[in-house]
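# Residue-level structural notes
As a plain string of letters, each chain reads:
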Amino acid sequence: MAKGYWIARVDVRDPERYKDYVAAAKPAFEKYGANFLARGGQFERLEGGVRARNVVIEFPSLQAAVDCYNSPEYQIAAAIRQEVADAEMVVVEGI
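Let us look at the structure shown here. As the structure is a computational prediction, the values presented were derived from the model and not from experiment. (Residues numbered from 1 in each chain as written. Predicted model: local features only at pLDDT ≥ 70, side-chain atom pairs only at ≥ 80, totals over all residues. Heavy atoms only, no water.)

## Brief notes about the overall build of the chain
Check the secondary structure of the chain and you find 3 helices and 4 strands. Shown N-terminal to C-terminal, the secondary structure of the chain runs as helices and strands in the order β-α-β-β-α-α-β. Over its C-alpha trace the chain gives a radius of gyration of 13 Å, about what one expects of a compact globule, namely 12 Å for 95 residues. Projected onto its principal axes, the C-alpha coordinates of the chain cover approximately 35 × 30 × 15 Å. A burial count over the chain gives 32% of its 95 residues as buried. (Helix = DSSP H or I, 4+ residues; strand = E, 2+ residues; numbered from the N terminus. Rg over C-alpha atoms; globule rule 2.2 N^0.38 Å. Buried < 20%, exposed > 50% of the residue type's maximum accessible area, 1.4 Å probe, protein only.)

## Section: the nonpolar core
Counting residues in each nonpolar core, the largest one holds 21 residues, and the members touching the most others are W6, Y21, F29, F59, C68 and Y74. Every residue in contact with C68, bar those within four places of it in the chain, is listed here: W6, A28, F29, Y32, F59 and Y74. (Core = buried A, V, L, I, M, F, W, Y, C linked by side-chain atoms within 4.5 Å. Contact = heavy atoms within 4.5 Å.)

## Thoughts on helix 1 (residues 15-31)
With 17 residues, helix 1 ought to run about 24 Å at 1.5 Å a step, and its terminal C-alpha atoms sit 25 Å apart, in line with that. When the local axis directions of helix 1 are compared, the greatest deviation, roughly 35 degrees, occurs at A25, which is followed within four positions by the proline P27. Contacts from the buried residues of helix 1 go to strand 1 (4-12), strand 2 (35-39), strand 3 (53-59), helix 2 (62-70), helix 3 (72-84) and strand 4 (85-93). G33 occupies a position one or two residues after helix 1 and carries a positive phi of about 75 degrees. (Expected span 1.5 Å × (residues − 1). Bend = angle between axes of the 7 residues up to and from the residue.)

## Some words on the environment of K31
Position of K31 relative to the elements: it lies in helix 1. With relative accessibility at 52%, the residue K31 sits in the exposed group. Polar side-chain contacts of K31 include one of 3.0 Å to the side chain of E73. (Polar contact = N/O pair within 3.5 Å; in protein donor to acceptor, adjacent residues only side chain to side chain.)

## Brief notes about the sheet that holds strand 2
The strand order 2-3-1-4 describes an open sheet built from 4 strands, whose pairing is antiparallel. The open sheet is flanked by strand 2 and strand 4, the only strands paired with a single partner. Strand after strand, the sheet turns through a mean of 15 degrees between neighbouring axes, direction not considered. Strand direction decides the pairing type here: strand 1 and strand 3, joined by 7 bridges, are antiparallel. Across the sheet, G4 pairs through a bridge with F59, a residue of strand 3. Each of strand 1, strand 2, strand 3 and strand 4 is contacted by helix 1, which is oriented at about 165 degrees to strand 1, the strand it contacts most. The strands touched by helix 3 are strand 1 and strand 4; relative to strand 4, the strand with the most contacts, the crossing angle is about 135 degrees. (Pairing = 2+ DSSP bridges. Axes fitted to C-alpha atoms, helices over the stretch in contact; angles between N-to-C directions.)

What is shown is where atoms sit, not what they do.
Written out as structure tokens, the structure is:
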């Protein structure tokens, strides 16, 4: 079965409140088997626009990745994130 990946590009406007998002999202990530492959860190712009924070999260399947995002647990966290950060997020199927 192909894995699923969240790819998120984020600009955090309020770092202190973003910690609340991280804490609120943890139960959803644990429930759906999230494995963080990249969580911030140094990056090099090659083309196009950039955001300050880049995140790649691996899930056991594409469906698990979508279900995690749509879960009640994550939607509580998403509401916090949307108040304190600007982001683009996609879910992609991997190999």
